[in-house]
Amino acid sequence: MSYNYMVRLKPVDCYYFGGETTLGEGEAQNYYVRSNRLPQVSALVGIIRYEILRQHGLLSYDPTQAGTLEKVEQLIGSQGFSMDKGPETFGIIQKLSPLFVENQAEGRFYTPLPLDDGMKVNLPDAVCSFSASSTKALPAELEGYDPKKYDNYQYWVSGDGDKLAEDMIFYSREQVGITKNGKAEDEKDAFFKLILMGLDDAFNFAFQLETSEPIAEVRQGLCALGGNRSIFRMDVTTLDEQKEPEDFCTYFRSLKREGRLLLLGDAYLTDQERDELPFFWGESTCNRYIVTPHNTGHHWKKPAKTAKLYYLLARGGVIYGAQRGQLQSSRLCNVGLNIFI
């Protein structure tokens, strides 16, 4: 049996979601850093695992106590998030949907406007032959594309077609300061500027959660998410099928087109999968997360951590000439990646 919930996150103030460029340390310091608008899936998996442990009083536990470690692994799994070798599920956590922006008062959820909205993409039937063994497809034709007026990337759209400019949902705020860089000869060399992001008061983040066991509802709980100890209010409520979509793919069905896949969440494609696509249009987004070895056991000395970097095709991108089943795996779909309509 499965249990379905809606998870809502609303920032208390401006927030910072780190990207590939950070302030760094020492000689690797950067002067200017901008927050991402949305958190990575690894962060969302992390806060749900944290909340489940909190509800069971296991945020701090003795791994030598009989049955405790087994209980933790039963609740949240024995491994953390991994892009290419991760588990199918995380304990009782069965599935997370992609993250969306919600106007709860209006009952609308928003996703980035498809990059090909208002255009028609024609894939050529012919190929260009360079030799008997080397052929390449001709470029796709974009009907209605005007590079001087194109601005789809600046808009978000709801399932019922309500289109909003990005600056009506998100805003930014500058934070300036100074870091004590031992290598700097002058304090002016250590100044930094951080661009934080914020959500308009009418909006919040939202995603669906499916578990194999019931969890307690949460109202106005506080959680830390992202860098700079960004604080969010979190609601976890049983899915109301009368007021909330049971399936986001169905909710956004008006955006569907025959012969095209639209990304509702970021997508991880291998080099081979990407090279075999006839045509795709999207922005590359960095996804870096910390990997902690799970097979070292508990020890007084913390195990070494390594960072992994992957490049994802960002939500709102489109793929032509491919089947959904070619690019989906249950392991990725279960954390909100590679969700197409």
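See the structure printed just above.
So, here's what we can say about the structure. Within every chain, residues take consecutive numbers counted from 1 along the sequence as written. With the structure being a predicted model, the display of local features is reserved for residues of pLDDT at least 70 and the display and counting of side-chain atom pairs for 80 or more, all residues being used for whole-chain, interface and lining totals. Water and hydrogen atoms play no part in the side-chain values, which are based on all heavy atoms of the structure.

Only DSSP runs of H or I covering at least 4 residues are called helices, and only runs of E covering at least 2 are called strands; the numbering of each starts at the N terminus. Topologically, L269 is positioned in the loop between β17 (260–262) and α4 (271–275). Taking the C-alpha atoms as reference points, L269 and N338, separated by 69 residues in sequence, lie 8.5 Å from one another. Note on definitions: a residue-residue contact is assigned when non-hydrogen atoms from the two residues lie within 4.5 Å. Sequence-distant contacts of L269, that is, excluding residues within four places in its chain, are made with R274, L277, L313, I319, L327 and N338.

Under the pairing criterion, centres of Phe, Tyr and Trp rings, with the six-membered ring standing for Trp, must be within 6.5 Å; the plane angle then separates stacked pairs below 30 degrees from edge-to-face pairs above 60, leaving the rest tilted. The full count for this structure, using the stated rule, is 20 aromatic pairs. Chaining the aromatic ring pairs together yields one cluster made of F100, F109, F248, Y251 and F252. Just above the ring of F170 sits the side chain of R37; from NZ or CZ to the centre is 6.0 Å. Over the ring of Y155 we find K163; its NZ or CZ atom is 5.1 Å from the centre of that ring. Lysine NZ or arginine CZ positioned within 6 Å of the ring centre and within 35 degrees of the ring normal marks a charge as sitting over the ring.

Quick look at the pattern of salt bridges now. For salt bridges, the criterion is a side-chain nitrogen of Lys or Arg within 4 Å of an Asp or Glu carboxyl oxygen. For the structure shown, the criterion picks out 13 salt bridges. One salt bridge in this structure joins D13 and R173, with 3.3 Å as the shortest N-O distance. In this pair, D13 is assigned in the loop between β1 (3–11) and β2 (32–34) and R173 in strand β12 (residues 170–178), connecting sequence segments 160 residues apart. Per-residue accessibility, obtained with a 1.4 Å probe over protein chains only, is compared with the maximum for each type, and a residue is labelled buried under 20%, exposed over 50%, and partly exposed between these values. Judged by relative accessible area, which is 43%, D13 ranks as partly exposed. By relative accessible area, R173 is classed as partly exposed at 36%.

Before going further, it helps to spend a moment on the nonpolar core. For our purposes a nonpolar core is just a set of buried Ala, Val, Leu, Ile, Met, Phe, Trp, Tyr and Cys residues, chained together by side-chain atoms within 4.5 Å. Counting 49 residues, the largest nonpolar core has L9, F170 and F205 as the members making the most contacts within it. With seven residues, helix α1 (residues 41–55) is the single largest residue contributor to this core. Each residue touching L9, except ones within four places of it in the same chain, is listed here: L44, I47, N204, F205, F207, C223, L225, F232, R233 and M234. In terms of nonpolar packing, the next biggest core, distinct from the first, is built from 24 residues, F100, F109, F248 and F252 among them.

Bringing a nonpolar patch on the surface into the picture now. To count toward a patch, a residue needs a relative accessible area over 30% and no salt bridge; like charges are then connected within 9 Å, while nonpolar side chains (Val, Leu, Ile, Met, Phe, Trp, Tyr) are connected within 5 Å. To be clear on the numbers: accessible area is Shrake-Rupley with a 1.4 Å probe, and residue cover counts the displayed protein chains and nothing else. A grouping of V12, L222 and I231 is seen on the molecular surface, where their side chains present a nonpolar patch of about 260 Å² in accessible area. You can see I231 is positioned in strand β16 (residues 231–238). Assessed through its relative accessible area of 32%, I231 is described here as partly exposed.

Turning our eyes to something else, we now look at the packing of α1 against helix α2 (residues 68–76). At a minimum axis distance of 10 Å, the contact between α1 and α2 shows a crossing angle of 135°. In terms of orientation, α1 lies oblique with respect to α2. Where α1 crosses over α2, the handedness of that crossing is right-handed. Side by side, α1 and α2 meet where R49, I52 and L53 of the first sit next to V72, L75 and I76 of the second. Each residue gets one of three labels, nonpolar for Ala, Val, Leu, Ile, Met, Phe, Trp, Tyr, Cys and Pro, charged for Asp, Glu, Lys and Arg, and polar for the others, Gly among them. Here the contact of α1 with α2 is composed, by residue class, of five nonpolar, no polar and one charged. Axis definition: a line fitted to C-alpha atoms, over the contacting stretch in the case of helices. Angles run 0 to 180 degrees between N-to-C directions. Angles are sorted into four bins: roughly parallel if under 35 degrees, roughly antiparallel if over 145, roughly perpendicular if 65 to 115, and oblique for all others. When the near helix sits turned anticlockwise from the far one by under a right angle, the crossing is termed left-handed; a clockwise turn instead gives a right-handed crossing.

Before going further, it helps to examine the state of the cysteines. Throughout, disulfides are identified as pairs of cysteine sulfur atoms within 2.5 Å of each other. All chains considered together, the criterion is met by zero disulfides. The closest cysteine sulfur to the non-disulfide-bonded C249 is located on C333, 8.7 Å from its own sulfur.

For R315, the position within the fold is in the loop between β20 (306–313) and β21 (318–320). Reaching out from R315, the side chain makes a polar contact with the backbone oxygen of L99 at a distance of 2.6 Å. Sequence-distant contacts of R315, defined by excluding residues within four places in its chain, comprise L38, L99, P112, L263, L264, G265 and D266. Any N or O atom pair separated by 3.5 Å or less is treated as a polar contact, with the protein-specific requirement of one donor-capable and one acceptor-capable atom, and with residues adjacent in sequence counted only for side-chain atom pairs.

A word on unusual backbone geometry. With the exception of glycine, the majority of residues adopt a negative phi angle, and the majority of peptide bonds are in the trans configuration. Of note, Q220 is a non-glycine position whose phi angle comes to about 55°, a positive value. Checked against the element boundaries, Q220 lands in strand β15 (residues 218–224). Classification of Q220 as partly exposed rests on a relative accessible area of 47%. Residues other than glycine seldom take positive phi values, yet N338 does so here, at roughly 55°. You can see N338 is positioned in the segment after α6 (330–333). What makes N338 buried here is its relative accessible area of 0%.

Shape is all these values report; function is a separate question.
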